[in-house]
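# Per-entry structural report
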Amino acid sequence: MKQTEQPPRQDHMTTGKALFTILRCNVIILRNAASAVNRLVSRRPWYVITAVALAAFTTAFVGISRARAERDDADKALYKLQQQVEQLKIEQQCTAASQTTAR
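Quick caveat, the model's predicted, so the values are computed rather than measured.

Here we come to the overall build of the protein. Within the protein one finds 2 helices and 0 strands. Viewed in the frame of its principal axes, the protein has a C-alpha envelope of about 120 × 45 × 25 Å. Across the 103 residues of the protein, 0% fall into the buried class. For the protein, the exposed surface amounts to about 10,300 Å²; the carbon and sulfur share of it is 61%. Distance from the positive charge centre (15 side chains) to the negative charge centre (8 side chains) of the protein: 15 Å.

Here's what the structure looks like:
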């Protein structure tokens, strides 16, 4: 049996070369992902339109729900403060009435 020649093994790599290799691989991954998205959009545009519409609807619904919850909390706090103001007005009127009758 004939042995095939293997490329020389590199036991070490400099940090700069390693970082360059990582960057190169990341660029290749991003390029392949962009190509896959482009193929999907070209072949199945209605799927992509539906997915984008659902994502937009979900994002809007969550934002509106949070705004309503914040508004309801503010309304609840306002109602409590109004009740306290009414209570203080009643107490002030009672105190003023008792002071005038005591004289």
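Our focus in this paragraph is the packing of aromatic side chains. By the definition in use, this model includes 1 aromatic pair. Both rings, one in F57 and one in F61, keep their centres 6.2 Å apart while their planes meet at 20 degrees; by these two values the pair is stacked. Taken together, the residues span about one helical turn, with F57 and F61 both in helix α2 (residues 45-102) at a distance of 4 residues. Taken individually, F57 and F61 each receive the classification exposed, so the pair is uniform in this respect.

Conventions adopted
Residues numbered from 1 in each chain as written. Predicted model: local features only at pLDDT ≥ 70, side-chain atom pairs only at ≥ 80, totals over all residues. Heavy atoms only, no water. Helix = DSSP H or I, 4+ residues; strand = E, 2+ residues; numbered from the N terminus. Buried < 20%, exposed > 50% of the residue type's maximum accessible area, 1.4 Å probe, protein only. Areas by Shrake-Rupley, 256 points an atom, 1.4 Å probe, with all protein chains shown as cover. Lys, Arg positive; Asp, Glu negative; His and termini not counted. Charge placed at Lys NZ, Arg CZ, Asp CG, Glu CD. Phe/Tyr/Trp six-rings, centres within 6.5 Å; stacked < 30°, edge-to-face > 60°.

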